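Below, each chain spelled out in residue letters.
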Amino acid sequence: MKRDMRNWVSQMIQSPAKKPLPLLSFPCVQLMGVTVRELISSSDLQAKGMALIANRVDSAAAVSLMDLSLEAEAFGAAIHVSDHEVPTVVGALITEQEEADALAIPPVGAGRTGIYLDAISKCGITDRPVLAGIIGPFSLAGRLLDVSEAMILCYEEPEMVHTVLEKATAFLIAYCHAYREAGANGVVIAYGNVVAFIATLATLVGARGLAELISGRSTQIVTNRDFLKVMRGEFLGIPVLVWIFILAAAVGWFLLNRTTFGRRTVAIGGNREASR
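Quick caveat, the model's predicted, so the values are computed rather than measured.

Colleague: For this particular structure, what's the right way to read the overall build of the protein?
Modeller: Along its length, the protein carries 15 helices and 7 strands. Relative to a compact globule of 276 residues, whose C-alpha radius of gyration would be 19 Å, the protein shows 26 Å and is clearly more extended. Scored against the burial criterion, the 276 residues of the protein give a buried share of 34%. Carbon together with sulfur atoms contributes 60% to the accessible area of the protein, which is approximately 17,400 Å² in total.

Colleague: Before we go on, may I ask you to explain the packing of helix 4 (residues 43-56) against helix 7 (residues 113-122) in this structure?
Modeller: Pairs of packed helices are described in terms of their axes, by the angle between the two and the distance that separates them. Direction vectors running N to C along helix 4 and helix 7 enclose 45°, while the axes themselves pass 8 Å from each other. The orientation of helix 4 relative to helix 7 falls into the category oblique. Where helix 4 crosses over helix 7, the handedness of that crossing is right-handed. When helix 4 is examined against helix 7, the residues Ser43, Asp44, Gln46, Ala47 and Met50 are found in contact with a partner set consisting of Ile115, Tyr116, Asp118, Ala119, Ile120 and Lys122.

Colleague: Would you explain unusual backbone geometry in this entry?
Modeller: Phi at Leu236 is positive, roughly 60°, even though this residue is not glycine. When you line up the elements, Leu236 lands in the loop between strand 6 (234-235) and strand 7 (238-239).

Colleague: Just checking my understanding: could you explain empty space enclosed by the protein for this structure?
Modeller: Under the counting rule described, the total for this entry stands at 1 cavity of 30 Å³ or more. Around the largest cavity, the lining is made up of 14 residues, and of these Pro22, Pro27, Ile53, Ala62 and Val63 lie nearest the centre. Counting residues per element, the ones that place at least two in the lining of the largest cavity are helix 4 and strand 1 (62-63). The element that contributes the greatest number of residues to the lining of the largest cavity is helix 4, accounting for 3 residues. Here the lining of the largest cavity is composed, by residue class, of 11 nonpolar, 2 polar and 1 charged.

Colleague: How should I be thinking about the packing of aromatic side chains in this particular structure?
Modeller: Each aromatic ring pair is characterised by the separation of its centres together with the angle its planes make. Enumeration over the complete set of coordinates arrives at 4 aromatic pairs. With a centroid separation of 5.7 Å and an interplanar angle of 70°, the aromatic rings of Phe235 and Trp243 are classed as edge-to-face.

Colleague: Sorry if this is basic, but what is going on with the pairing of strand 4 (residues 130-135) here?
Modeller: Taken residue by residue, a regular strand's side chains alternate between the two faces of the sheet. Most of strand 4 sits inside the fold, with 6 of its 6 residues counted as buried. Along strand 4, one buried face is formed by Val130, Ala132 and Ile134 and the opposite face, lined by Leu131, Gly133 and Ile135, is buried too. When strand 1 meets strand 4, the two strands line up parallel, connected through 2 bridges. Pairing of Ala62 across the sheet is with Val130, part of strand 4.

Conventions and cut-offs
- Residues numbered from 1 in each chain as written.
- Predicted model: local features only at pLDDT ≥ 70, side-chain atom pairs only at ≥ 80, totals over all residues.
- Heavy atoms only, no water.
- Helix = DSSP H or I, 4+ residues; strand = E, 2+ residues; numbered from the N terminus.
- Rg over C-alpha atoms; globule rule 2.2 N^0.38 Å.
- Buried < 20%, exposed > 50% of the residue type's maximum accessible area, 1.4 Å probe, protein only.
- Areas by Shrake-Rupley, 256 points an atom, 1.4 Å probe, with all protein chains shown as cover.
- Axes fitted to C-alpha atoms, helices over the stretch in contact; angles between N-to-C directions.
- Parallel < 35°, antiparallel > 145°, perpendicular 65-115°, else oblique.
- Left-handed = near helix turned anticlockwise from the far one by under 90°.
- Contact = heavy atoms within 4.5 Å.
- 1 Å grid on protein atoms, 1.4 Å probe; cavity = no way out; pocket = protein on both sides within 12 Å on 5 of 7 lines; lining within 4 Å.
- Points joined across faces, edges and corners; volume = space filled by probe spheres on them.
- Nonpolar A, V, L, I, M, F, W, Y, C, P; charged D, E, K, R; others polar.
- Phe/Tyr/Trp six-rings, centres within 6.5 Å; stacked < 30°, edge-to-face > 60°.
- Pairing = 2+ DSSP bridges.

Laid out in structure tokens, this is it:
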């Protein structure tokens, strides 16, 4: 059913009473008494599940199943499927530039994508917009390259990452058009939160890369005699480097424990949601 989605968005923003918009992976498994394996393999079950959720929840829109392995599988990635767990991508499909160049953009309908398209056309929901859930291009490229490896590859093999990202984006654009033809009024793009530890490592890699660019990929040796004299010197019988460490530690302690900025920083590091 065609809708003026710009007008719908405007109404949602202006409405004093906000409606929920459930974004769930497989919310109808328990309602229908089926397994995840059965649900991801049947457009009829998916359509029925969307209708069941729409009947139970007065939501702003109905959203299709959010299966974050779907698009990667269409490219040929191996996935792990079980009866009770969300499907996951196993390993990396692309590890070398040659493989990235040879990677074919799959036709819409490859793998299980055709099943999910059919589910949209079969759901029969007309009292609210129907939104299709897909993965974002960066997340898809990450799954094809392996998420943890992709961050390192952005530094070591940027051309390979660009090639995969370009092909992933082209497929997703075609996939969105197919959802529109199937009856979807819009698309909801899922993105993954990066674990703080991985983000820290990625920042380290970025900093090292910047240092290499500045240094011209060569080791920089300090030859300034005055600087070396100060750094190798002592104060009250204690090396200057130790004094610098003590000063930095004292300033850091004061910022984290005696300022509003520090307390907020500690709270976010402990639990970002709770700190709100």
